[in-house]
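# Commentary on secondary and tertiary structure
Read off the chains here:
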Amino acid sequence: MEEQVKIVKKFIEDNKLDFSGRGSELNGNCTTLAGFICHVLDEDPVIYLSSHGYAIISELDISADAAVELGRVFEYAYNNHYEKFWKTPAAKKEYIF
């Protein structure tokens, strides 16, 4: 899981995601990151469990409010297969990963 945490932290940095905001800004960044975490987990089917996503979230240096929102959004993203977006040309065009 250590490698997945590094990948997620680099994604946050490379894409300049900010988790200090509130409301729709925070939700938007959390939704993006939740989907990306699903993608990272999906790359290794052996560990594709929601509990690993929460373990990654717990390793991030974000505010408590952001961690709660990210956890909430992650559950939805995980259950609705948000990892699929990250295999599209649109994702590669819009984000660095």
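Look up: the structure comes first, before these words.
Report on the accompanying structure. Computed from a predicted model, the values in this text were never measured in an experiment.

### Observations regarding the pattern of salt bridges
Pairing between side chains of opposite charge can happen when their charged atoms approach one another. With the rule as written, the count across this model stands at five salt bridges. A salt bridge links E69 to R72, with the shortest nitrogen-to-oxygen separation between them at 2.7 Å. Pair noted here: E69 and R72 are both in helix α4 (residues 64-79), with a separation of three residues, about one helical turn.

### A look at unusual backbone geometry
The backbone phi angle of K16 is positive, close to 50 degrees, even though this residue is not glycine. Among the structural elements, K16 can be located in the loop between α1 (2-14) and α2 (23-42). Classification of K16 by relative accessible area gives exposed; the value is 70%.

### Focus on the environment of A34
Turning to its location among the elements, A34 is positioned in helix α2. Distance in space between the C-alpha atoms of A34 and Y54 is 10.0 Å, their sequence separation being 20 residues. Among all residues touching A34, those that are not within four sequence positions of it are L70, V73, F74 and A77.

### A look at α1
Helix length check: α1 (13 residues) gives 18 Å between terminal C-alpha atoms against 18 Å at 1.5 Å per residue, within 8%. The elements touched by buried residues of α1 are α2 and α3 (50-58). K16 lies just past α1 and shows a positive phi near 50 degrees.

About the thresholds
Numbers given to residues run from 1 along each chain, matching the order in which its sequence is written. Reporting in this predicted model follows two pLDDT cut-offs: at least 70 for local features of residues, and 80 or more for side-chain atom pairs to be given and counted; totals over whole chains, interfaces and linings ignore these cut-offs and use all residues. The basis for every side-chain value is the complete set of non-hydrogen atoms in the structure, without hydrogens or water. The term salt bridge refers to a pairing of a side-chain nitrogen on Lys or Arg with a carboxyl oxygen on Asp or Glu at a separation within 4 Å. A run of H or I in DSSP counts as a helix once it spans at least four residues, and a run of E counts as a strand once it spans at least two, with each numbered from the N terminus. Partly exposed residues are those whose accessible area sits between 20% and 50% of the maximum for their type, while under 20% is buried and over 50% is exposed, using a 1.4 Å probe and protein chains only. We call two residues contacting when some pair of their heavy atoms lies within 4.5 Å. Multiplying 1.5 Å by the residue count of a helix minus one yields the expected span of that helix.

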